[in-house]
Amino acid sequence: MEAKKTRAVNLTEEELVYPGNRACAGCGLNILYRIGLKAIGRDAILVVPPSCLTVMQGLYPITSTQLSVLNVTFASTAAAASGVRAALRAQDNDHTKVVAWAGDGGTSDIGLQALSGAIERNEDFLYICYDNEAYMNTGVQRSGTTPRGAVTANTSIGGKRERSKDVASIIAAHSPAYVASCSAAYPLDFHDKIAKALGIKGLKYIHAHTPCPPGWQMEEKVAVSIARMAVSNGLYVLYEIEDGRMTLSEPSAKLLKKKSLPRVEEYLQAQGRFKELGSDDIAAIQSDIDSKWAAYRRDMAGAAA
Amino acid sequence: MADDDLRVLTSDSYAGPGDAGRTGAWRVLRPVIDYEKCAPAKSGKAACFLCWLYCPDNVVSKTLEPKIDLVYCKGCGICAEECPPHAIAMVEESKFSDLEAADMVQAGAVTAGADRD
């Protein structure tokens with residue numbers, strides 16, 4: 001039933017990003033950007049608001065990206081992407097892909113209104129939100145998706161008090177053509193979901209969890225393994241929603257068979273941003289994960305059989 | 001004519017490597033691959049390539065003996081962490097002599113960055 005999965009061995013060698021960009025060492029977004037563009041290809045226009053991605057694309061006059069990028073204002077990403085699609089339509093161009101690629105601040109906080117409108121109009125483009133869980137390129141300020149308890153530049157005492165927004169669920173409530181979640185630990189899953197999304201007409205949304213070594217206060221080398229841990233302990237779930245039906249992607253689906261999931265402590269303790277969490281806070285996070293998975297087991301028991 | 005007006009109004013960049021300079025200078029630890037352990041190098045067959053897949057900076061080549069472009073490698077160490085047979089060691093830059101460093105930069109420039117200068 002599934003399309004065949006890409007493996008590292010047969011993934012295209014062609015690179016659409018040059019090395020030597022301004023991304024920090026060990027950047028999770030940089031991994032997904034590189035691999036994601038392989039799925040998007042050269043016949044595409046990217047629409048990018050202020051974000052780490054803008055930083056990675058470089059300062060005028062050099063850019064690391066080999067395809068067209070339109071840099072737009074923070075709040076207008078989805079509106080601008082709608083406009084790019086309309087302009088292509090006016091030129092009878094039905095082959096060029098339009099991909100909006102924004103950060104979690106640009107999606108969950110500032111760009112949400114334009115995105116909501118674009119989904120409601122069912123505009124034809126792919127929107128990717130990379131979620132590093134704070135405004136990283138301006139110096140780690142809390143965003144709507146920063147998890148509760150995380151220390152940021154403006155939640156430095158006691159960490160962030162509020163719960164994070166589940167942006168993908170907000171988007172899914174609009175019933176767009178396609179919704180998926182991805183992680184920097186699974187770049188090939190991201191690649192295949194982009195390829196699938198681009199084959200669907202209408203608005204497609206992908207939410208990608210991208211570790212940020214300086215913002216999460218961890219060693220650069222563990223960026224991928226920490227992101228993987230967030231999936232394997234059930235905190236971050238990889239799934240697709242098509243026609244209102246949710247299916248878990250392989251790395252998360254295999255957790256359904258497990259009697260108990262690895263505890264979340266190891267993930268939290270590996271990151272300096274969670275140093276303010278007490279044992280009660282950690283227990284509360286664990287209990288949130290456990291009840292989420294109890295619901296998945298209940299809902300998906302029939303589907304899996 | 002309208003197009004010409006627009007060209008004045010937009011500032012378009014050209015694509016190229018090193019918009020942040022030679023980012024290899026950021027590196028504190030240098031990845032060194034032991035080809036005796038590396039799966040594709042050992043078997044002579046296309047396999048694994050996880051160092052290439054996970055490299056955030058596009059500095060590892062997808063070749064039977066993967067080569068690292070030290071001109072731009074930022075030394076994050078993800079390749080070493082993700083390598084299943086642990087074939088990549090992260091070695092302190094100070095362990096390499098300047099001459100060696102120059103050689104490695106040359107080698108890197110020739111392998112992964114040949115068309116990028």
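Presented here is an overview of the structure given in this document. Note that the coordinates shown come from a computational prediction; the quantities given were computed from them, not determined experimentally. (Residues numbered from 1 in each chain as written. Chains lettered and ligands numbered in written order. Predicted model: local features only at pLDDT ≥ 70, side-chain atom pairs only at ≥ 80, totals over all residues. Heavy atoms only, no water.)

### Focus on helix H7 (residues 187–198) of chain A
Working step 1: With twelve residues, H7 of chain A should reach 16 Å at 1.5 Å per residue; the first-to-last C-alpha distance of 17 Å fits that figure.
Working step 2: Listed in full, the buried residues belonging to H7 of chain A are Pro 187, Leu 188, Asp 189, Phe 190, His 191, Lys 193, Ile 194 and Ala 197 of chain A. (Helix = DSSP H or I, 4+ residues; strand = E, 2+ residues; numbered from the N terminus. Expected span 1.5 Å × (residues − 1). Buried < 20%, exposed > 50% of the residue type's maximum accessible area, 1.4 Å probe, protein only.)

### Some words on the packing of helix H1 (residues 28–40) of chain A against H7 of chain A
Residues and elements named next belong to chain A.
Working step 1: Contact geometry for H1 and H7: axes closest at 8 Å, N-to-C directions at 35°. Relative to H7, H1 is oriented so that their crossing is right-handed. On H7, the residues that touch Ile 31, Leu 32, Ile 35, Gly 36, Lys 38, Ala 39 and Ile 40 of H1 are Pro 187, Phe 190, His 191, Ile 194, Ala 195 and Leu 198.
Working step 2: Here the contact of H1 with H7 is composed, by residue class, of ten nonpolar, two polar and one charged. (Axes fitted to C-alpha atoms, helices over the stretch in contact; angles between N-to-C directions. Left-handed = near helix turned anticlockwise from the far one by under 90°. Contact = heavy atoms within 4.5 Å. Nonpolar A, V, L, I, M, F, W, Y, C, P; charged D, E, K, R; others polar.)

### So, the interface of chain A and chain B
Working step 1: Across the boundary between the two partners, chain A contributes 45 residues, which contact 36 residues of chain B.
Working step 2: At the boundary of chain A with chain B, total buried surface from both sides reaches about 3100 Å², with 57% on carbon and sulfur atoms.
Working step 3: At the boundary of chain A with chain B, the tally comes to two salt bridges.
Working step 4: Notably, a salt bridge pairs Glu 82 of chain B with Arg 228 of chain A, separated by 2.6 Å at the nearest N-O pair.
Working step 5: Taken together, chain A and chain B are joined by 23 residue pairs in polar contact (both at pLDDT 80 or more).
Working step 6: At the level of secondary structure, the elements contributing two or more residues to the side of chain A that touches chain B comprise H1, helix H2 (52–57), strand S2 (62–63), H7 and helix H9 (223–232) of chain A.
Working step 7: At five residues, the largest contribution of residues to the side of chain A that touches chain B is made by H1 of chain A. (Buried area = accessible area lost by both parts, 1.4 Å probe. Salt bridge = Lys/Arg side-chain N within 4 Å of Asp/Glu carboxyl O. Polar contact = N/O pair within 3.5 Å; in protein donor to acceptor, adjacent residues only side chain to side chain.)

### Focus: the pattern of salt bridges
Residues and elements named next belong to chain A.
Working step 1: Enumeration according to the criterion identifies 21 salt bridges over all chains in this entry.
Working step 2: The salt bridge partner of Glu 15 is Lys 38, with a shortest N-O separation of 3.2 Å. Of this pair, Glu 15 sits in the segment before H1 while Lys 38 sits in helix H1, and the two are 23 residues apart along the sequence. With respect to class, Glu 15 is no different from Lys 38; both count as buried.
Working step 3: The closest approach of N and O atoms between Arg 273 and Glu 133, which form a salt bridge, is 2.8 Å. Remark: Glu 133 occurs in the loop between strand S5 (126–131) and helix H6 (167–172) and Arg 273 occurs in the loop between helix H11 (265–269) and helix H12 (279–304); sequence separation between them is 140 residues.
Working step 4: Here Glu 133 falls in the buried class, since its relative accessible area comes to 10%.
Working step 5: If you follow the salt bridges from partner to partner, you end up with Arg 85, Asp 124, Lys 201 and Lys 204 in one network.

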